[in-house]
Amino acid sequence: MNEIIAEFLNDEVGCQDFYDSIYNFIADQNIRAGEYEGNIFVIKKMDRLNFIIFKEYVFRDSGLRTIHNSISLFRKDLLKAVNEHAATQGFTVKGYGEESNDVITSW
């Protein structure tokens, strides 16, 4: 597994509530673009199928932001990674979003 994804999962998917929020953001077909701001990482939804995950640091004194080590993922791959991590943590997994994939594209 990619280092960025592994670090993202460990830092951001630490409890059922965080998992639920992240899953809902990724799986929601009515959100075409936007950002989910976690504790350290940001999930940038470019469109319904494409996501970028990156670390964002904000310097308190100046308000400047820096971005380190990003990765782009397809929706299906991101849901799979989040759900597999959640399952190993013992969380209740919602699903893989297959019910809505046919609306956009066939996998």
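Relevant structure appears above.
What you see is a predicted model, and the numbers here were worked out from it, not measured in a lab.

Chemist: Can you break down the pattern of salt bridges residue by residue, with the values?
Modeler: Overall, the coordinates contain 3 salt bridges when judged by the stated rule. Its salt-bridge partner being Lys-55, residue Glu-7 comes within 2.5 Å of it at the nearest N-O pair. Highlighted residues: Glu-7 in helix H1 (residues 3–12) and Lys-55 in strand S3 (residues 50–58), separated in sequence by 48 residues. For Glu-7, a relative accessible area of 32% puts it in the partly exposed group. In this structure, Lys-44 engages Glu-35 in a salt bridge whose closest nitrogen and oxygen atoms are separated by 3.6 Å.

Chemist: Account for the nonpolar core, naming residues and giving values.
Modeler: The biggest cluster of nonpolar side chains holds 24 residues, and the ones touching the most others in it are Phe-8, Ile-22, Ile-26, Ile-43, Ile-53, Leu-78 and Val-82. When contributions to this core are tallied by element, the ones reaching two or more residues are H1, helix H2 (16–27), strand S2 (41–45), S3, strand S4 (65–74) and helix H3 (75–88). Per element, the largest residue contribution to this core is 6 residues, and it comes from H2. Leaving out residues up to four positions away in the same chain, Ile-26 has contacts with Lys-45, Phe-51, Arg-75, Leu-78, Leu-79 and Val-82.

Chemist: Got a sec to walk through the packing of aromatic side chains? Specific residues and values, please.
Modeler: Taken as a whole and assessed by the stated rule, the structure comprises 3 aromatic pairs. Here the aromatic rings of Tyr-19 and Tyr-23 are separated by 5.9 Å at their centres, their planes lie at 40°, and the arrangement is tilted. Of the two residues, Tyr-19 and Tyr-23 are both situated in helix H2; the distance of 4 residues between them amounts to about one turn of the helix. As far as the burial class goes, Tyr-19 and Tyr-23 line up, both buried.

Conventions used here
- Residues numbered from 1 in each chain as written.
- Predicted model: local features only at pLDDT ≥ 70, side-chain atom pairs only at ≥ 80, totals over all residues.
- Heavy atoms only, no water.
- Salt bridge = Lys/Arg side-chain N within 4 Å of Asp/Glu carboxyl O.
- Helix = DSSP H or I, 4+ residues; strand = E, 2+ residues; numbered from the N terminus.
- Buried < 20%, exposed > 50% of the residue type's maximum accessible area, 1.4 Å probe, protein only.
- Core = buried A, V, L, I, M, F, W, Y, C linked by side-chain atoms within 4.5 Å.
- Contact = heavy atoms within 4.5 Å.
- Phe/Tyr/Trp six-rings, centres within 6.5 Å; stacked < 30°, edge-to-face > 60°.

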